[in-house]
Amino acid sequence: MGQGEQMKYKCFGTGSKGNLHRLSHNERYVYLDAGLAFPRFKESCGWQLDKVDFVALTHGHVDHGKCFEDIKKAGIPTISPPIDDWESTQTEFEIGDWKIKAWDVEHDVRNWAYLLYHKPTKHKTAYMTDFSYTKLVPATVDTLILEISYIDDIIESKQNELGDRYLRLVKYHNSLRRAKELLQKMMDSEGYKLKNLIICHLSDRNSDAERIKQELFELTGIMPVIADKGTEVELT
């Protein structure tokens, strides 16, 4: 990869209790979502906010943006969808060593997925969470951080128990079936080179981590990492 140490990933929280993911290289940090309290965010970077290159917010729900306003007030560069301006055309950004492309994915509020290119290492990462549909397929990434909230047949068997939550899951969140369809499209695309597959935002009751790992491994030949608090991965 060159240019110093490998790119690294660390999860500080995922799921309904709060989402905070970090990419790091040579003691410089990029955060994906900001769904924990600000003291926990500061602790995650060793209380050295000057090491944070930027924070990218997917959408405004509290489990993704709890401390986002505090981060902005602290003077840290941020990227987020313009919640009240669906006609905004700025979806590409350049901050420090990073080029970032954002695109809309289907949710109940405006929600961005991100493609992040680190210029010194040429490493490409996509981050996609809380969505049911994406028009763009990030075919040429090295790392994919992907929500799989539920497994389709599990929630089908629990429709009465889930009530309105069943419809919300189906309309606004990613499932194992949809994840496999996305990955197949990536594999069928020119330039496919995925090496690292990180699965986040699993529902405690409506998913099965071991089944997800097995089915995705059978499809891709890559053993996925199931993100949880404290998960760390050296990205190849």
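Residues numbered from 1 in each chain as written. Predicted model: local features only at pLDDT ≥ 70, side-chain atom pairs only at ≥ 80, totals over all residues. Heavy atoms only, no water.

Caption draft 1: Focus on helix 7 (residues 176-187). The terminal C-alpha atoms of helix 7, which comprises 12 residues, lie 16 Å apart, in line with the 16 Å expected from a rise of 1.5 Å per residue. For helix 7, the full list of buried residues reads L176, R178, A179, L182, L183 and M186. The arc that holds every buried residue of helix 7, seen down its axis, measures 160°, which confines them to one face. On its buried face, helix 7 sits against strand 9 (123-128), strand 10 (143-147), helix 4 (152-156), helix 6 (164-172), strand 11 (196-200) and helix 8 (209-220). (Helix = DSSP H or I, 4+ residues; strand = E, 2+ residues; numbered from the N terminus. Expected span 1.5 Å × (residues − 1). Buried < 20%, exposed > 50% of the residue type's maximum accessible area, 1.4 Å probe, protein only. Arc of directions from axis to C-beta. Contact = heavy atoms within 4.5 Å.)

Caption draft 2: Spotlight on the sheet that holds strand 12 (residues 225-226). Reading across the sheet, the seven strands line up as 6-7-8-9-10-11-12 and stay open at both edges, with mixed pairing between neighbours. Only two strands of the sheet have a single neighbouring strand rather than two, namely strand 6 (92-95) and strand 12. With two bridges joining them, strand 11 and strand 12 adopt parallel strand pairing. Paired with I199 across the strands is I226, a residue of strand 12. Sheet strands in contact with helix 7 are strand 9, strand 10 and strand 11, and its direction is about 160° off that of strand 10. (Pairing = 2+ DSSP bridges. Axes fitted to C-alpha atoms, helices over the stretch in contact; angles between N-to-C directions.)

Caption draft 3: Expanded view of the side chain of R178. Topologically, R178 is positioned in helix 7. Nearest to the buried, unbridged R178 among oppositely charged side chains is D152, at 5.7 Å. A polar side-chain atom of R178 sits 2.8 Å from the main-chain carbonyl oxygen of V170. For R178, the side chain forms a polar contact with the main-chain oxygen of H173, separated by 2.7 Å. Discounting residues that sit within four places of it in the chain, R178 has contacts with S132, Y150, L169, V170 and H173. (Lys, Arg positive; Asp, Glu negative; His and termini not counted. Salt bridge = Lys/Arg side-chain N within 4 Å of Asp/Glu carboxyl O. Polar contact = N/O pair within 3.5 Å; in protein donor to acceptor, adjacent residues only side chain to side chain.)

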